[in-house]
Amino acid sequence: MSMYTQLLEAALEVRATSADADDIGSAFAEVLRRRRQLAVAASAGTDGDRTSTVLAHQVSYDISLMELVHSLGIDCDPNEFDQPERQRLKLEHALRTRGIDLVQAEETTPSTR
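Residues numbered from 1 in each chain as written. Predicted model: local features only at pLDDT ≥ 70, side-chain atom pairs only at ≥ 80, totals over all residues. Heavy atoms only, no water.

Asks: Now, about the nonpolar core: what can you tell me, with residues and values included?
Replies: Grouped together as the largest cluster of nonpolar side chains are 24 residues, with contacts concentrated most on Leu8, Leu95 and Leu102. When residues of this core are traced back to their parent elements, those giving at least two are helix 1 (3-14), helix 2 (24-43), helix 3 (48-71), helix 4 (84-97) and helix 5 (102-108). For leucine 8, the contacting residues outside a window of four places in its chain are Val59, Asp62, Ile63, Met66, Pro78 and Phe81. (Core = buried A, V, L, I, M, F, W, Y, C linked by side-chain atoms within 4.5 Å. Buried < 20%, exposed > 50% of the residue type's maximum accessible area, 1.4 Å probe, protein only. Helix = DSSP H or I, 4+ residues; strand = E, 2+ residues; numbered from the N terminus. Contact = heavy atoms within 4.5 Å.)

Quick look at the structure:
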């Protein structure tokens, strides 16, 4: 089990399940919001604070991504995030096969920070 997987599992344990967790529209909006936040954090600066900030945004994005795929009936386990980037790509591909393209949606949906 990777350190990232341990962080992700710990975050999932303390996160309260949202009442909207099974609502695809809410889960989709949350994924887009978290994806934008991650992109902004990843492009800002290069200091030590940036590393921990990016890590926190990665965990938040991955949790929202797992909630979205779960709401669509796609199996996902935090233990599969031992290589986070690979698992993100796998889940984003699974969404595309169901007609949900996050890149396209991000480009066409206005930001609502």
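Asks: Outline the pattern of salt bridges, listing residues and values.
Replies: Counted under the stated rule, the structure contains 6 salt bridges. Among the salt bridges present, the one from arginine 88 reaches glutamate 85, with a minimum N-O distance of 3.2 Å. Of the two residues, arginine 88 and glutamate 85 are both situated in helix 4; the distance of 3 residues between them amounts to about one turn of the helix. Residue arginine 88 is classed as buried on the basis of its relative accessible area, which comes to 5%. Residue glutamate 85 is classed as partly exposed on the basis of its relative accessible area of 48%. Ionic contacts of the salt-bridge type, sharing partners, join the residues Glu30, Arg33 and Arg34 into one network. (Salt bridge = Lys/Arg side-chain N within 4 Å of Asp/Glu carboxyl O.)

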